[in-house]
Amino acid sequence: MTAGRTRDGLRQVVIAAVSVVGASPALVGQTIGPLGTVGSATACVDVAMPPGGAVAVVRCGAESQGIKFLDAATGLPSGTFATSTAPDPSFSRRSVASSDNYAIVTGGAETASIRIFSLSGAVPQLAGTFGSSTAGLDVAMSPDGRRAVVRCGAEPAGVKVFDMAHRRLIGSFGTSTGSPVARRHVAMSDARAVTIGGADMASILVIDIGSGTAVIRGTHGSSTACSDVAISPSGAVACVRAGAQTDGIRFFSTSTGALLAGFATSTASSAARQIAMTDTRAVVVGGAEAASIRIFDIGSTPPVQLAVFGSGTAPRDVAVSPDGRVACVRAGASSTGIWFFDLATARSMGSFGTTTAGGAVRQIAMTSTRAVVLGGAENATVRVFDISTSLPRELATYASATGGLDVDASADARFAIVRTGQAITFVALASGGLAGSYPTATASGAPVRQVAMPGSTAFAIGGAESASIRSFRALSPRPVAISYYGTGCDRSTIFRPRIGVFATTETLAFSLQNAVPIGSVYFQNCALIAGIGRASVPIPPTGCLALIRLDVPILVYVGSGLNGVIVPPLPIPVDPALAGAIVDFQWAIPGDGNDVFTSDAAELRIY
């Protein structure tokens, strides 16, 4: 930038030199900022966040801090609890479930293998412990947070139903087999639960959980092991996917427990998710055959099969957009490895080729307009699709040297988080652009769920290391505090710095979506503004200080305060992960003769 005057003769402030001390360059356009990292002595196996997103629950191995609660606002631990056994991630499918008020965490086979926590206070409190003679296989909580179900192995109380508000067991039912092949063992609505097991005479249980006592509404056997279960959003219909048999796909009425319909399958399935449901449609995937993808009308009685598609390779995952309009299926490496379906018409919207199969926990994350699909370790590991029109189109692809392990999308549909082998990547869903990428020292192993992002905060877990749990903020209304120091000004009438920390007199926070500044520091007759957008704000005639938020790249604007003149921005790349980094800068106001001042030393310290 060069010195000069505006057309009306107002002076412009020019930055003469900018240096960043102790900070590495940040990604251009990055809008994700790390909140913190928490280490773990043992590998983390599962993470979950309640709908409100206030706290995250992480289940690690057997250690003094094996269960960790983390504050979503700060990313810091808000409570830790000891565990003596670890859940086996290759056996257990979900280890934690949480609502805004309660969390339930399972472990191995011991006298305190099931723990209930209250989240209503300032810090989580252990509210109850329950034993299990066999390891927990899966845990789920009803959407209203009032009930939880734990599916354990083969034992007289293998299915346990809990009243979360009263922290008590309200029902238990025997199981004769465990079911490690299933991807979900429990599906729940507010009033009903369906659990599945192995191949036996009581492998499917339909349970009424709405009253104070759990009651069996239906018991059904299966000649092959059940591998997945789901309930429609309204809770009226449940679907179970078993192995290759004459009724391998079955639909049940959750109110009566009765079988509504059964459909034959010729192959079993080991996909991450095999069933995706709306209130009127169900998409069920199987093995590699001519009928590996099936779409059903479950709004009719009995349910009717609407369409059948062959994938050529075994499907790995299936998901439905939140508005129930589009379904996506991820299969193996083939010319039709990624499918999109219009659920209203039960027709294919298009397919895309893939060169590798994927083995992630979740391979598809969807909003009403976007789909993020994971692959293997190749030059297109992460793929972003626009599904807002009748013909989906690919927006972007991102390469990874290691395969995708898990993916989730934020509830506000702004970002997706992807956990690959040794990286955590964020995608801006509106554009398909990369919003941030952070390396990890270890791969994640075989956890049940590795990322959680219900709202503006995301958590990702990895192996046992000093930064095995990472928290990120996508957008925060709470700016980060700063301090300012300045010396050497020879025109105090124009610029009046103070040695020390300014008191806060004003806080500004603007929307990132509208690309406007998110905070600003005002000095008398000149300003330093931080943000990521192109817009500017008027400079007040008197000095004041507002808090700056520095978890995004900074654009520094400096201008005279006479009429709010803003000169073009000069970017200062700051890695927000480095709290305490110092930004050193010098500036000068060009003018006539002695009408120039300089500051030979100043620092902006990030806290």
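Report on the accompanying structure. All residue numbers refer to position in the chain's written sequence, counted from 1. Reporting in this predicted model follows two pLDDT cut-offs: at least 70 for local features of residues, and 80 or more for side-chain atom pairs to be given and counted; totals over whole chains, interfaces and linings ignore these cut-offs and use all residues. Side-chain numbers here rest on the full set of heavy atoms in the structure, without hydrogens or water.

Right, let's get into the overall build of the chain. Secondary structure follows DSSP: runs of H or I at least 4 residues long count as helices, runs of E at least 2 residues long count as strands, and numbering of each begins at the N terminus. The secondary structure content of the chain amounts to zero helices and 48 strands. Only protein chains enter the accessibility calculation, which uses a 1.4 Å probe. A residue is then buried if its area is under 20% of the maximum for its type, exposed if over 50%, and partly exposed in between. Here the chain, with 607 residues, has 58% of them falling under the buried criterion. Residue contacts are defined here by distance: any two heavy atoms, one from each residue, within 4.5 Å place the two residues in contact. A sequence separation of at least 24 residues applies to 50% of the contacts in the chain between residues at least 6 apart. As presented, the chain carries roughly 21800 Å² of accessible surface, and 56% of it is formed by carbon and sulfur atoms. The Shrake-Rupley method, run with a 1.4 Å probe, gives the accessible areas here. Residue values count only the displayed protein chains as cover.

Remark: nonpolar core denotes a set of buried residues (Ala, Val, Leu, Ile, Met, Phe, Trp, Tyr, Cys) joined through side-chain atoms within 4.5 Å. Counting 16 residues, the largest nonpolar core has Val 283, Ile 293, Ile 295, Phe 309, Val 329 and Phe 341 as its most contacted members. Broken down by secondary-structure element, the contributors of at least two residues to this core are strand E24 (281–285), strand E25 (293–297), strand E26 (304–309), strand E27 (317–320), strand E28 (326–330) and strand E29 (334–342). When sequence neighbours within four positions are dropped, the list of residues in contact with Val 283 reads Gln 274, Ile 275, Ala 276, Ile 293, Arg 294, Ile 295, Val 318, Ala 327, Val 329 and Leu 343. Among the nonpolar cores identified, the runner-up in size contains 14 residues, and Val 372, Val 382, Val 407 and Ala 416 belong to it.

The next thing to look at is unusual backbone geometry. Pro 302 follows Thr 301 through a cis peptide bond whose omega is -5°. Residue placement: Pro 302 occurs in the loop between E25 and E26. Backbone geometry places Arg 167, a non-glycine residue, at a positive phi of 50°. On the basis of relative accessible area, Arg 167 is assigned to the partly exposed category, the value being 31%. With phi around 65°, Ala 413 is a residue other than glycine that occupies positive phi space. Checked against the element boundaries, Ala 413 lands in the loop between strand E35 (404–409) and strand E36 (415–420).

We now examine the pattern of salt bridges. Here the idea is simple: oppositely charged side chains can pair when their charged atoms come close. Definition used for salt bridges: Asp or Glu carboxyl oxygen within 4 Å of a side-chain nitrogen of Lys or Arg. In this structure the tally under the stated criterion is 18 salt bridges. The partner of Glu 63 in a salt bridge is Lys 68, with the nearest N and O atoms 3.8 Å apart. One exposure class covers both Glu 63 and Lys 68, and it is buried. One salt bridge connects Asp 247 with Arg 250, and the closest N-O pair in it is separated by 3.5 Å.

Once that is clear, we can look at the pairing of strand E6 (residues 77–81). Relative to E6, strand E5 (residues 67–71) runs antiparallel, the two sharing four bridges. Each bridged residue has a counterpart across the sheet, and for Leu 70 the counterpart in E6 is Pro 77. Pairing between strands is defined by DSSP: at least two bridges between them are needed. In this antiparallel pair of consecutive strands, E5 and E6, the connection spans five residues, and Gly 75 shows a positive phi of 80°.

Within the secondary structure, Val 149 sits in strand E12 (residues 147–152). Taking relative accessible area as the criterion, Val 149 reaches 0% and is therefore assigned buried. For Val 149 and Leu 169, which are 20 residues apart along the polypeptide, the C-alpha to C-alpha distance reads 9.7 Å.

It is worth spelling out the side chain of Asp 200 at this point. In this structure, Asp 200 sits in the loop between strand E16 (192–196) and strand E17 (204–208). Comment: no salt bridge for buried Asp 200; closest opposite-charge side chain is Arg 151, at 6.3 Å. Within polar-contact distance, the side chain of Asp 200 engages the side chain of Ser 176 at 2.4 Å. One polar contact links the side chain of Asp 200 to the main-chain amide nitrogen of Ser 203, over a distance of 2.8 Å. When neighbours within four sequence positions are excluded, Asp 200 is seen to be in contact with Ser 176, Thr 177, Gly 221 and Ser 222. Positive charge is attributed to Lys and Arg, negative charge to Asp and Glu, and no charge count is given to His or to the chain ends. Residues adjacent in sequence count toward polar contacts only when both atoms are side-chain atoms; beyond that, a polar contact is any pair of N or O atoms within 3.5 Å, and within protein one must be able to donate a hydrogen and the other to accept it.

Read from one edge to the other, the open sheet built from four strands follows the order E31-E32-E33-E34, with strand pairing classed as antiparallel. Either end of the sheet is taken by a strand with one partner, and the two such strands are strand E31 (364–366) and strand E34 (393–398). Sheet twist, expressed as the mean angle between neighbouring strand axes with direction ignored, is 20°. As paired elements, strand E32 (residues 370–374) and strand E33 (residues 382–386) share five bridges and run antiparallel to each other. Within E33, the position partnered with Val 372 by the bridge is Val 384. A fitted line through C-alpha atoms serves as each axis, taken over the contacting stretch for helices, and the angle formed by two N-to-C directions is quoted from 0 to 180°.

A few words on the sheet that holds strand E38 (residues 433–439). As summarised here, the arrangement of the four strands in space is E35-E36-E37-E38, forming an open sheet in which the pairing is antiparallel. With partners counted over all chains shown, the strands left at the sheet margins are E35 and E38, one partner each. Shown here is a sheet whose adjacent strand axes are inclined to one another by a mean of 15°, direction ignored. In this sheet, strand E37 (residues 423–428) lies alongside E36 in antiparallel orientation, the contact comprising six bridges. Among the inter-strand pairings, Phe 415 is bridged to a residue of E37, identified as Ala 428.

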